[in-house]
Amino acid sequence: MSVSTNDLKNGMTLDLDGTLFQVIEFQHVKPGKGGAFVRTKLRNVRSGAVLERTFNAGVKVGLAIVERKEMQFLYRDGDGFVFMDLESYDQLTVPGAVVGEMASYRPDGASAKGVTHQGNPIAVELPASMVLAVAQTDPGVKGDRVSGAMKPATLETGLTVQVPLFVEEGERIKVDTRSGGYIERVK
């Protein structure tokens, strides 16, 4: 199956010369002189390497058929992560290399979207934000209330994020899974 470069969207998975790439961003360019083209940033699904590639406008590129399923993280098994398909209850072991930095956001029982291509796991997509508990952080010192001051906090999954001084141990905070930044304290 193929798609025109004019129809590219963020998140699409392309099959270019037998290698899978995910479109991170794209830009249609129509210079004053010469033909139009599409400038893209692509992430290699296997290695995670990001490359920039330019295509002529209207050229057909291979579209990889991927399946996204709602899955639940069960446990870590050596280098792999075991997820359960919430529809069929089948268990799927996803290699640590595929999970990548998303492993830092994996509390037991967390849901995610498993992305497979021809039955092989190629990615794990988390929601845009997750609520996690603060396991350890230094207490804020009275009088140290400079606007915007931050301190490090270790979360229940072992991830360390910068949080405002008023956040204390045991509290739950919302974290942006794309940037790893603090969003808000959750009651």
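Details of the structure are given in the entry above.
In this text the structure is predicted, and so the values were computed from the model without any measurement.

Enquirer: Give a detailed account of the overall build of the protein, specifying residues and quantitative values.
Expert: Within the protein, the regular secondary structure consists of one helix and 16 strands. By the compact-globule yardstick of 16 Å for 187 residues, the protein is too spread out, its C-alpha radius of gyration being 21 Å. If you line up the protein on its principal axes, its C-alpha atoms span 65 × 50 × 25 Å. Expressed as a percentage of the 187 residues in the protein, the buried residues total 37%.

Enquirer: Talk me through the packing of aromatic side chains; I want residue IDs and the actual numbers.
Expert: In total, this model carries two aromatic pairs according to the counting rule given. Members of the aromatic cluster, joined through ring pairs, are Phe 73, Phe 81 and Phe 83.

Enquirer: Which residues make up the sheet that holds strand β6 (residues 60–63), and what are the values?
Expert: Spatially, six strands are ordered β1-β6-β2-β3-β4-β5 in an open sheet, and the strand pairing comes out antiparallel. Each of the sheet's edge strands pairs with one partner strand only, and the pair in question is β1 (2–4) and β5 (50–56). In this sheet, neighbouring strand axes are inclined to one another by 50° on average, regardless of whether the strands run parallel or antiparallel. As defined by bridge partners, strand β2 (residues 13–16) adjoins strand β3 (residues 19–29) across four bridges and the pair is classed as antiparallel. Following the sheet pairing, Asp 15 is matched in β3 by Leu 20.

Enquirer: For empty space enclosed by the protein, give the residues involved together with the corresponding values.
Expert: In the structure shown here, the tally under the stated rule is three cavities of 30 Å³ or more. Quantified by volume, the largest cavity comes out at close to 60 Å³. Residue lining of the largest cavity: 13 residues in total, with Phe 73, Phe 83, Met 102, Arg 106 and Leu 126 positioned closest to the centre. Listed by contribution, the elements that provide at least two residues to the lining of the largest cavity are β8 (80–85) and β10 (111–117). Taken together, the residues that form the lining of the largest cavity break down as 11 nonpolar, one polar and one charged.

About the cut-offs
- Residues numbered from 1 in each chain as written.
- Predicted model: local features only at pLDDT ≥ 70, side-chain atom pairs only at ≥ 80, totals over all residues.
- Heavy atoms only, no water.
- Helix = DSSP H or I, 4+ residues; strand = E, 2+ residues; numbered from the N terminus.
- Rg over C-alpha atoms; globule rule 2.2 N^0.38 Å.
- Buried < 20%, exposed > 50% of the residue type's maximum accessible area, 1.4 Å probe, protein only.
- Phe/Tyr/Trp six-rings, centres within 6.5 Å; stacked < 30°, edge-to-face > 60°.
- Pairing = 2+ DSSP bridges.
- Axes fitted to C-alpha atoms, helices over the stretch in contact; angles between N-to-C directions.
- 1 Å grid on protein atoms, 1.4 Å probe; cavity = no way out; pocket = protein on both sides within 12 Å on 5 of 7 lines; lining within 4 Å.
- Points joined across faces, edges and corners; volume = space filled by probe spheres on them.
- Nonpolar A, V, L, I, M, F, W, Y, C, P; charged D, E, K, R; others polar.

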